[in-house]
Amino acid sequence: MKPVNQKAWLLVVPVVLCVAFSAILPLMTVVNYSVQDIISPERRVFVGTEWFKAVMRDDDLIGALGRQMVFSLAVLAVEIPLGIALALAMPAKGWTSSAVLVLVAISLLIPWNVVGTIWQIYGRTDIGLMGAALAALGFDYSYTGNATHAWLTVLLMDVWHWTPLVALLCYAGLRAIPDAYYQAASIDGASKFAVFRYIQLPKLRGVLMIAVLLRFMDSFMIYTEPFVLTGGGPGNATTFLSQYLTQKAVGQFDLGPAAAFSLIYFLIILLLCFILYNWMQRVGTADKTEAGHG
Amino acid sequence: MARIELDLAHAYGPNPQRDEDYALLPLKMTFEDGGAYALLGPSGCGKTTLLNIVSGLVTPSQGGLSYDGRDVTRLTPQQRNIAQVFQFPVIYDTMTVAENLAFPLRNRGVPADRIKQRVGQVAEMLDMSGQLNLRAAGLAADAKQKISLGRGLVREDVSAVLFDEPLTVIDPHLKWQLRRKLKQIHHELKLTLIYVTHDQVEALTFAQQVVVMTRGKAVQIGTASELFERPRHTFVGNFIGSPGMNFLAACGAADGIEVAGRRLAAPKAALSGLGAFTLGVRPEYVRLAAPNEPGAVPGVVTQAQDIGTYWLVTASVGEGVDPSLLRARLSSEQTIPRVGETVWLSIVGEHTCYYVDEDLIA
Amino acid sequence: MELMLKGIEQRVGAQVHLYPLDLRLVPLAVTVLLGATQAGKTSLMRVMAGLDKPSAGQVLADGQDVTGVPVRQRNVAMVYQQFINYPSMTVADNIASPLRLRGAHTAAAIETRVAELAAKLHIEPFLKRLPSELSGGQQQRVALARALAKQAPLMLLDEPLVNLDYKLREELREELSALFASGESTVVYATTEPTEALLLGGYTAVLDAGELLQYGPTADVFHRPQSIRVARAFSDPPMNLVEGRAAANGVSLPSGLSLALRLPSVATDSAAAARTVGIRASSLRVQGRDGDLSLPGSVELAEISGSDTFVHVDTAIGEVVAQLPGVHVFTLGSPITLYLNPTQVFVFGERGELLVAPPEAHSVDVS
């Protein structure tokens, strides 16, 4: 067997070095911190799995984790159906389709802290459009004072920001469906809802898996927008996992528990991604074997 | 079941001037109720456009069409009550075979027991009774096409079933079975069937009448034997038959005709008076002849291929004067000449056709 | 190039795409890979090209082991079903691309070669156009010209004509035969159509469900299929197969009919072992001759394809299809008698192996 040219590995070295510095070394540092009690930069004590056990028992942390799960599920529950509906409403051909695509994508282009700031002002009852309108309609709206209002505002902001991503993915998925399916459905006398249920939705399966995966991961790691909007308040009503972690590590300089929790956080996301990814693969190969028989 | 009458043309742009501006040149055609028709032609000839006009997916730019005397030009496919089978199987992935077949009836509000009965009947006709509860998405291509067909047949009042190259994704030996099935269904149900294809075997075996099309024009409409025996246009002579008709340049001469460098007796008196014309003879009708036999020309064999059930012999005739290739289809039971041998091939006979400017004259 | 495959197997997860096979391609000849879709033709071609590494076995090119050597390092040209061309390059650039990559030619030499190939494939008027502006047949010619430009010792074509309409397919097939005959490559051509294999000639390898069933000169494989599976895969229209039993003087068929034949005895079989009789549709006639077996029946269906008529007849031995030359008109249900010369049948044994085949009238001229 002819030896394969090894020179290609040299091209990979720069990337390996970058990744080593930006990801692997910091990760190793975190692992290092997670098994030590750092009383001061000079005094460190090896504590083994102490921090991990402490983190699991921390009520604040469990609370933040719970709020995070609820948030992510709420995000999925609203954004996925809304995204599909938006994609169905977008025109398929002509100049209007390009115009609508641009309009829909605008909110995706805004820097995340600017998004937080926009909604912060938007929700103020004195100078914000939404806040003033709600106040004028008689609602006692306050995202700084009322926990429920804060939740709804954060959710609404995320929906406004990220639904277009789901919509664009579904739009691309819809364009991939051959015309013949719609013609056949029309000939079969199917109603618009039947067309959606039996043709469009099944064919969007792959695209929806990607959308769910992306939105779940992103919302689980959300930091900037809620931090800018509510700062985690009122109280800790909108303190989600990443903010709690940052408070612990940067604010309180509790590096040990923070590092331990970072690792657990990382592993939770990894586990959920792994499950979703495998599910996607299974669905993908099932589709392929069906297509292969054709 | 309906009688479909067409009197239309279809152009690409708003102001058609020349032939090239038309997707379909003006035509007048009738598809009789219960007949099986095929639209046959190469890619780009307009056959799919014609099918889409009949089904209602395209509105003709000029003229119109009617079903049983009723003008349907502006009606949608749903309103015309047609069924269509596409090139690749179109099935509802999430449903079983039975649910797929029941779908058109459910949408029309047919009562459940009637649906069950009808689905059972159609499944029986398609030899799919044992697969009714299987998920449609997991079946092979030919089964899926049968389901597509079944969805069209399940409606009792369907006016016509239209096929757009339905056997494209099917394996050759399964094609035989499906073609047979289609013919049996036609025989039983007497539906109006219109079938678009570029494959002459499919068209000729399926249809009672074949419409041969090229570049937007319907060149000849006839039965399989009419198209085979007396093609009215050289295009038909070439397109039908594998390989197609042999064409040799010829011209009239004082006491006969001159073809492939030989003087032969004129098979029809009128031909000797003509200038240049084309002699057309199918490989199936070119026979080995004795030297100097009347109506035969000499040639040198350039190729002899064993095609399993027959032999295809190619000879170069008109050597030196006007060389062209002549193909003969010979049965395996004859003595097959070898490459390089000189043979005599009979080309003038009752099956030979004569053309001037591509149109049949005799 | 002499390509030899030894013990090649291909497994993907739990699925077997290719069962262990040995194949030695005759150099500089055309080998047709014949089989249904999913029979393993594409998997085999990919192993030959070096696109996939086989799970087991060796690929030897001119005696050298090239198993696992990636395709970039092998000298192979491939043409696909889907008219693959570089979409942003003109036709001339497309054809020149393998020559430019090699770097061994001057610009003038490349231009001459491109013009030569374009002339061979009748695409000179399109040299300045983009592939998307051409019709399907023209695009496939560009792909072929590009493959020929490479002058690779091994040329693989994976059902290249399947997306073209049948008349265009006929034309291109003839041109391809001429190109292959004059070229200096070993050609491998995959197809699902038995007629195409017969028209291309050369050698045929019959594949079925991942197994290589038979390899030999095309006409040989057609006239002497070694098993029922080969006979099934290599016939169009499908061969009529009738189940019968070995009898003293030949084969006994259902409904008391029998075929008087001299059969070789199979030592391991019992006296009345199962025998399958294979009858080609073209062996059945409507006019009888001395010694013919007559099969009365009724016409179920008649299909006229111009040069032949296929009539499906319900007889005592089951449903058979007969191919009759010319146009015959039958009424459905009318009685008909088919005649069969007993020497014109295939007989397969209990395990599907060939016992008797009709004698061939002519020797095969493999040119």
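This one's a predicted model, so the numbers in the text were calculated from it and none came from an experiment.

**Q** Help me understand the overall build of chain C, please; the structure alone is not making it clear to me.
**A** A tally of helices and strands in chain C yields 8 helices and 20 strands. Counting only C-alpha atoms, chain C reaches 75 × 45 × 40 Å along its principal axes. Scored against the burial criterion, the 367 residues of chain C give a buried share of 54%. Pairs at least 24 residues apart make up 65% of the contacts formed inside chain C by residues separated by at least 6 positions.

**Q** So what exactly am I meant to see when it comes to the domain arrangement of chain C here?
**A** One frequently used descriptor of interface size is the decrease in accessible area upon assembly of the parts. Residues and elements named next belong to chain C. Once the domains are mapped, chain C shows domain 1 (3–233) and domain 2 (240–356). Inter-centroid distance (C-alpha atoms) of domain 1 to domain 2 is 37 Å. Contacts between the two partners involve 9 residues from domain 1, matched on the other side by 8 residues from domain 2. The junction of domain 1 with domain 2 conceals about 720 Å² of combined surface from both sides, 66% of it contributed by carbon and sulfur atoms. One can count 0 salt bridges joining domain 1 with domain 2. Linking domain 1 with domain 2 are 3 residue pairs in polar contact (both at pLDDT 80 or more).

**Q** Just checking my understanding: could you explain the interface of chain A and chain B for this structure?
**A** Listed as interface residues are 19 residues of chain A and, on the opposing side, 29 residues of chain B. Taken over both partners, the interface formed by chain A and chain B buries close to 2,000 Å², and the fraction arising from carbon and sulfur atoms is 58%. Counting every contact that joins chain A to chain B gives 2 salt bridges. With its nearest N and O atoms 2.6 Å apart, the salt bridge here joins Arg 151 of chain B to Asp 188 of chain A. Applying the counting criterion to the chain A and chain B interface returns 7 residue pairs in polar contact (both at pLDDT 80 or more). Examining the composition of the side of chain A that touches chain B, we find that 7 residues originate from one element, helix H8 (residues 179–187) of chain A, more than from any other. A per-class count over the side of chain A that touches chain B returns 11 nonpolar, 5 polar and 3 charged.

**Q** I'm lost on the sheet that holds strand S15 (residues 287–289) of chain B in this one. Help?
**A** Two modes of strand pairing occur in sheets, parallel and antiparallel, and in both the strands are linked by backbone hydrogen bonds. Residues and elements named next belong to chain B. Across the sheet, 5 strands lie side by side as S15-S19-S16-S17-S18; this open sheet has antiparallel pairing. The sheet is open, and its two edges are formed by S15 and strand S18 (324–331), each paired on a single side. The average angle at which neighbouring strand axes cross in this sheet is 50°, direction not considered. The pairing of strand S16 (residues 296–306) with strand S19 (residues 342–346) spans 5 bridges and is antiparallel. Of the residues in S19, the one forming a bridge with Gly 299 is Val 343.

**Q** Is there a simple way to explain the pairing of strand S16 (residues 308–315) of chain C in this structure?
**A** Regular strands place side chains that alternate from one sheet face to the opposite one. Residues and elements named next belong to chain C. With respect to burial, S16 is a largely interior element, 7 of its 8 residues being buried. Direction of pairing for strand S15 (residues 293–304) relative to S16: antiparallel, over a ladder of 7 bridges. Looking at the pairing, Ala 302 lines up with Val 311 of S16. Connecting S15 to the next strand, S16, in antiparallel fashion are 3 residues, including Gly 306 with a positive phi near 95°. Strand direction decides the pairing type here: S16 and strand S17 (residues 318–325), joined by 8 bridges, are antiparallel. Considered in S17, the bridge of His 312 is made with Val 321. Between S16 and S17, which follow one another and run antiparallel, lie 2 residues.

**Q** What's the story with unusual backbone geometry in this structure? I'm lost.
**A** One can expect most non-glycine residues to show negative phi and most peptide bonds to be in trans. The amide bond that connects Ser 242 of chain B to the next residue, Pro 243 of chain B, takes the cis arrangement and shows omega of 0°. Of note, Pro 243 of chain B is situated in the loop between helix H9 (234–239) and strand S11 (246–253). Residue Asn 292 of chain B is not a glycine yet carries a positive backbone phi of 65°. With respect to the helices, strands and loops of the structure, Asn 292 of chain B is situated in the loop between S15 and S16. By relative accessible area, Asn 292 of chain B is classed as exposed at 56%. Even without a glycine there, the phi angle at Glu 159 of chain C is positive, about 45°.

**Q** Teacher, can you tell me more about the confidence of the model for chain C here?
**A** A low pLDDT means the predicted coordinates there should not be read in detail. In the predicted model, chain C carries a mean pLDDT of 86, and 97% of its residues have values of at least 70. For this predicted complex, the interface score ipTM comes out at 0.81, while the overall pTM is 0.79.

**Q** For this particular structure, what's the right way to read the sheet that holds S17 of chain C?
**A** Residues and elements named next belong to chain C. Strand order in the open sheet formed by 4 strands is S17-S16-S15-S18, and the pairing between neighbours is antiparallel. Whereas interior strands pair on both sides, the edge strands pair on one side only; in this sheet they are S17 and strand S18 (335–340). Neighbour to neighbour, the strand axes of the sheet diverge by 45° on average, direction disregarded. Where S15 lies against S18, 6 bridges are found, and the strand directions are antiparallel. Within the sheet, the bridge partner assigned to Ser 294 lies in S18 and is Tyr 339.

**Q** Mind showing me how you'd approach the pattern of salt bridges here?
**A** Oppositely charged side chains can form a pair if their charged atoms are brought close together. Residue and element names in this part refer to chain B. Under the defined criterion, the tally for this structure stands at 34 salt bridges over all chains. A salt bridge links Arg 114 to Glu 156, with the shortest nitrogen-to-oxygen separation between them at 2.8 Å. Taken together, the residues span a long stretch of sequence, with Arg 114 in helix H4 (residues 112–125) and Glu 156 in the loop between helix H5 (141–153) and strand S7 (160–164) at a distance of 42 residues. Given a relative accessible area of 30%, Arg 114 falls into the partly exposed group.

**Q** What is the right way to read helix H10 (residues 205–220) of chain A from this model?
**A** Residues lying three or four places apart along an α-helix face the same way, a consequence of the helix completing one turn every 3.6 residues. The terminal C-alpha atoms of H10 of chain A lie 22 Å apart, and with 16 residues this matches the ideal 22 Å at 1.5 Å per residue to within 8%. Of the positions making up H10 of chain A, those classed as buried are Val 207, Leu 208, Met 209, Ala 211, Leu 213, Arg 215, Phe 216, Ser 219 and Phe 220 of chain A.

**Q** Explanation requested: the interface of chain B and chain C in the structure shown.
**A** In this assembly, 43 residues from chain B lie in contact with 42 residues from chain C. In this assembly, chain B packs against chain C so that about 3,500 Å² is buried in total across both faces, 56% of it on carbon and sulfur atoms. Where chain B packs against chain C, one counts 6 salt bridges. For the interface between chain B and chain C, the tally reads 13 residue pairs in polar contact (both at pLDDT 80 or more). Of all the elements in the fold, those that place two or more residues in the side of chain B that touches chain C are helix H6 (172–189), helix H7 (200–206), helix H8 (224–229), H9, S16 and S18 of chain B. A total of 8 residues in the side of chain B that touches chain C trace back to one element, the largest contributor, which is H6 of chain B. A breakdown of the residues in the side of chain B that touches chain C according to their chemical character gives 14 nonpolar, 18 polar and 11 charged.

**Q** What exactly am I supposed to notice about the packing of aromatic side chains here?
**A** The description of an aromatic ring pair uses the distance of the two centres, along with the angle that the planes make with each other. All names here are of chain A. Under the counting rule described, the total for this entry stands at 28 aromatic pairs over all chains. Considering the side-chain rings of Trp 119 and Trp 160, the 6.0 Å spacing of their centres and the 65° angle between planes classify their relative orientation as edge-to-face. Linking Trp 119 in helix H5 (residues 112–122) with Trp 160 in helix H7 (residues 147–175), this pair joins segments that are 41 residues apart in sequence. On the accessibility criterion, Trp 160 (34% relative accessible area) is partly exposed.

**Q** I would appreciate a short explanation of the nonpolar core in the present structure.
**A** As a rule of thumb, nonpolar side chains are buried together in soluble globular proteins. Ranked by internal contacts, the top residues of the largest apolar core, which has 53 residues, are Leu 149, Phe 163 and Val 210 of chain B. Non-local contacts of Phe 163 of chain B, meaning those with residues more than four positions away in its chain, are made with Leu 51, Val 85, Leu 149, Leu 182, Leu 193, Ile 194, Tyr 195, Val 196 and Phe 206 of chain B. The next biggest cluster of nonpolar side chains, apart from the first, holds 51 residues, and it includes Val 30, Phe 83, Val 91 and Phe 222 of chain C.

**Q** Quick question: what am I supposed to make of the pairing of S16 of chain B here?
**A** Judged from the 7 bridges that link them, S16 of chain B and strand S17 (residues 310–317) of chain B form a sheet pairing that is antiparallel. Looking at the pairing, Gln 305 of chain B lines up with Leu 312 of chain B of S17 of chain B.

Definitions and limits used
Residues numbered from 1 in each chain as written. Chains lettered and ligands numbered in written order. Predicted model: local features only at pLDDT ≥ 70, side-chain atom pairs only at ≥ 80, totals over all residues. Heavy atoms only, no water. Helix = DSSP H or I, 4+ residues; strand = E, 2+ residues; numbered from the N terminus. Buried < 20%, exposed > 50% of the residue type's maximum accessible area, 1.4 Å probe, protein only. Contact = heavy atoms within 4.5 Å. Domains from an automatic or database assignment. Buried area = accessible area lost by both parts, 1.4 Å probe. Salt bridge = Lys/Arg side-chain N within 4 Å of Asp/Glu carboxyl O. Polar contact = N/O pair within 3.5 Å; in protein donor to acceptor, adjacent residues only side chain to side chain. Nonpolar A, V, L, I, M, F, W, Y, C, P; charged D, E, K, R; others polar. Pairing = 2+ DSSP bridges. Axes fitted to C-alpha atoms, helices over the stretch in contact; angles between N-to-C directions. pLDDT = per-residue confidence, 0-100. Expected span 1.5 Å × (residues − 1). Phe/Tyr/Trp six-rings, centres within 6.5 Å; stacked < 30°, edge-to-face > 60°. Core = buried A, V, L, I, M, F, W, Y, C linked by side-chain atoms within 4.5 Å.

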